[in-house]
Amino acid sequence: GNSGLQWLQVDLEQEMEICKIVIYHRSKDWAHRINGAYLFVSNDKKFADKCLCAKIQGVNAGKVVTYPCAYRGRYVRIENRGIIHVHEMEVYAKI
């Protein structure tokens, strides 16, 4: 089954000061599957050391949600126990 830890990870190619993460949730079926997932930032691609930005809750189909995240890191990851369905994830950082 798909009950194990699932993740979607973005590599920013260098450590950056992250400001926010915007997630565009699916517009049709299964958008609710992201509820209960966590957004993390890390400099370790295996995420042994990570900072929690947000817990994703209350998502409806087609919703665009901005999650403030004031951490430095190279990698951004969504983790969930089960399937992850998102349309798009944008990471905003200071240059």
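Now for a look at the structure at hand.

Definitions and cut-offs
- Residues numbered from 1 in each chain as written.
- Predicted model: local features only at pLDDT ≥ 70, side-chain atom pairs only at ≥ 80, totals over all residues.
- Heavy atoms only, no water.
- Helix = DSSP H or I, 4+ residues; strand = E, 2+ residues; numbered from the N terminus.
- Rg over C-alpha atoms; globule rule 2.2 N^0.38 Å.
- Buried < 20%, exposed > 50% of the residue type's maximum accessible area, 1.4 Å probe, protein only.
- Areas by Shrake-Rupley, 256 points an atom, 1.4 Å probe, with all protein chains shown as cover.
- Lys, Arg positive; Asp, Glu negative; His and termini not counted.
- Charge placed at Lys NZ, Arg CZ, Asp CG, Glu CD.
- Polar contact = N/O pair within 3.5 Å; in protein donor to acceptor, adjacent residues only side chain to side chain.
- Contact = heavy atoms within 4.5 Å.
- Core = buried A, V, L, I, M, F, W, Y, C linked by side-chain atoms within 4.5 Å.
- Pairing = 2+ DSSP bridges.

On to the overall build of the protein chain, then. Of regular secondary structure, the protein chain possesses zero helices and six strands. Beginning at the N terminus, the succession of helices and strands in the protein chain can be written as β-β-β-β-β-β. By the compact-globule yardstick of 12 Å for 95 residues, the protein chain fits well, its C-alpha radius of gyration being 13 Å. On the principal axes, the C-alpha backbone points of the protein chain span a range of 35 × 25 × 20 Å. Per-residue burial for the protein chain yields a buried fraction of 36% across its 95 residues. A total of about 5,800 Å² of accessible surface is found on the protein chain, and carbon and sulfur atoms cover 46% of it. Averaging the positions of the 14 positive and the 10 negative side-chain charges in the protein chain gives two centres separated by 6 Å.

Take His85: it is sitting in the loop between β5 (72-81) and β6 (88-94). Under the relative-accessibility criterion, His85 is labelled buried at 16%. Only 3.2 Å separates the side chain of His85 from the side chain of Arg33, close enough to count as a polar contact. Those residues in contact with His85 that lie beyond four places of it in its chain are Arg26, Trp30, Arg33 and Ile34.

The next point concerns the side chain of Arg77. Tracing the sequence through the fold places Arg77 in strand β5. A distance of 3.5 Å separates a polar side-chain atom of Arg77 from the backbone oxygen of Lys45. One polar contact links Arg77 to Glu79, side chain to side chain, over a distance of 3.2 Å.

This part takes up the nonpolar core. The biggest cluster of nonpolar side chains holds 20 residues, and the ones touching the most others in it are Ile21, Ile23, Leu39, Ile56, Tyr67 and Ile78. Breaking this core down by element, the ones donating at least two residues are β1 (5-24), β2 (38-42), β3 (51-55), β4 (64-68) and β5. If we skip the residues at most four places from it in the chain, Ile23 touches Leu39, Ile56, Lys63, Val64, Val65, Tyr67, Ile78, Val86, Glu88 and Met89.

Counting buried positions along β2 yields four of five residues, so the element is predominantly enclosed. Two elements, β2 and β3, share four bridges in a ladder whose sense is antiparallel. Across the sheet, the residue bridging to Leu39 is Ala54, located in β3. In this sheet, β5 lies alongside β2 in antiparallel orientation, the contact comprising five bridges. Paired with Leu39 across the two strands is Ile78, which belongs to β5.

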